[in-house]
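# Per-entry structural report
The chain contents come next:
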Amino acid sequence: MDQSAVDRLALDAAYEQARKSLSEGGIPIGSALVTRTGVVVSLGHNLRVQTGDSTAHAETVCIRNAGRRRDWHTLILASTLSPCAMCSGTTVLHRIPRVVIGENTTFLGREDWMRAEGIEVVNLNDERCIRIMREFIAARPELWNEDIGVPPKC
């Protein structure tokens, strides 16, 4: 399987996780961790709403679900949305070398930090990912602002 096929497989798995989160009443962001040959190691979706855990972003949940490992440096992390500072930091900490992003038009995370740390960041500008986030943000702006840390207007 070539790199673009692995990237697409990883993003497809992450997108299904985003849909799962949305169906549970959560924020539609999903993540997948895969090997270079496309074997899915773990999956995760944003669980902030479902669990009340403000750190339960899709990428951190996915990495937690992978358990203890020594092969982080060989894996690929996919996320339907550009990773925030916390999730980018988790990726840097685990030395994951490649991150595939569904989109960064609705939110631009810390791609700059990951790149500065030598991580290859690939944005697929996936229309499904853009659409699900735009629709969610329009329908639930208060929940979205809570997720990204925007204080309520006084």
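Before reading further, recall that the structure is shown in the block above.
The sections below set out a description of the structure shown in this document. (Residues numbered from 1 in each chain as written. Predicted model: local features only at pLDDT ≥ 70, side-chain atom pairs only at ≥ 80, totals over all residues. Heavy atoms only, no water.)

## Brief notes about the environment of Asp7
Its location among the elements puts Asp7 in helix α1 (residues 3–23). Put simply, Asp7 and Thr106 are 99 residues apart on the chain and 21 Å apart in space, counted from C-alpha to C-alpha. Beyond its immediate sequence surroundings of up to four residues, Asp7 is in contact with Arg98, Val100, Val122 and Leu124. (Helix = DSSP H or I, 4+ residues; strand = E, 2+ residues; numbered from the N terminus. Contact = heavy atoms within 4.5 Å.)

## A short note on the pattern of salt bridges
In total, this model carries 14 salt bridges according to the counting rule given. With a closest N to O distance of 3.0 Å, Asp12 and Arg128 form a salt bridge. Remark: Arg128 occurs in helix α6 (residues 127–139) and Asp12 occurs in helix α1; sequence separation between them is 116 residues. Classification of Arg128 as partly exposed rests on a relative accessible area of 22%. Between Arg64 and Asp53 there is a salt bridge whose closest N-O contact spans 3.8 Å. Highlighted residues: Arg64 in helix α3 (residues 58–66) and Asp53 in the loop between α2 (48–51) and α3, separated in sequence by eleven residues. (Salt bridge = Lys/Arg side-chain N within 4 Å of Asp/Glu carboxyl O. Buried < 20%, exposed > 50% of the residue type's maximum accessible area, 1.4 Å probe, protein only.)

## Observations regarding α1
Look at α1: 30 Å from first C-alpha to last across 21 residues, which is about the 30 Å you get at 1.5 Å a residue. For α1, the complete set of buried residues consists of Val6, Asp7, Ala10, Leu11, Ala13, Ala14, Tyr15, Gln17, Ala18 and Ser21. In the stretch just after α1, Gly25 is the one whose phi turns positive, near 90 degrees. (Expected span 1.5 Å × (residues − 1).)

## Side note on the pairing of strand β2 (residues 40–45)
Sheet analysis places strand β1 (residues 30–34) next to β2, joined by five bridges and oriented antiparallel. Counterpart to Gly30 in the pairing with β2 is His45. The loop that links β1 with its antiparallel partner β2 comprises five residues; one of these, Gly38, has a positive phi angle of about 95 degrees. (Pairing = 2+ DSSP bridges.)

## Remarks on the environment of Val122
In this structure, Val122 sits in strand β5 (residues 120–123). Spatially, the C-alpha atom of Val122 lies 8.7 Å from that of Asp7, the residues being 115 residues apart in sequence.

Such coordinate-based values are descriptive only and should not be taken to indicate function.
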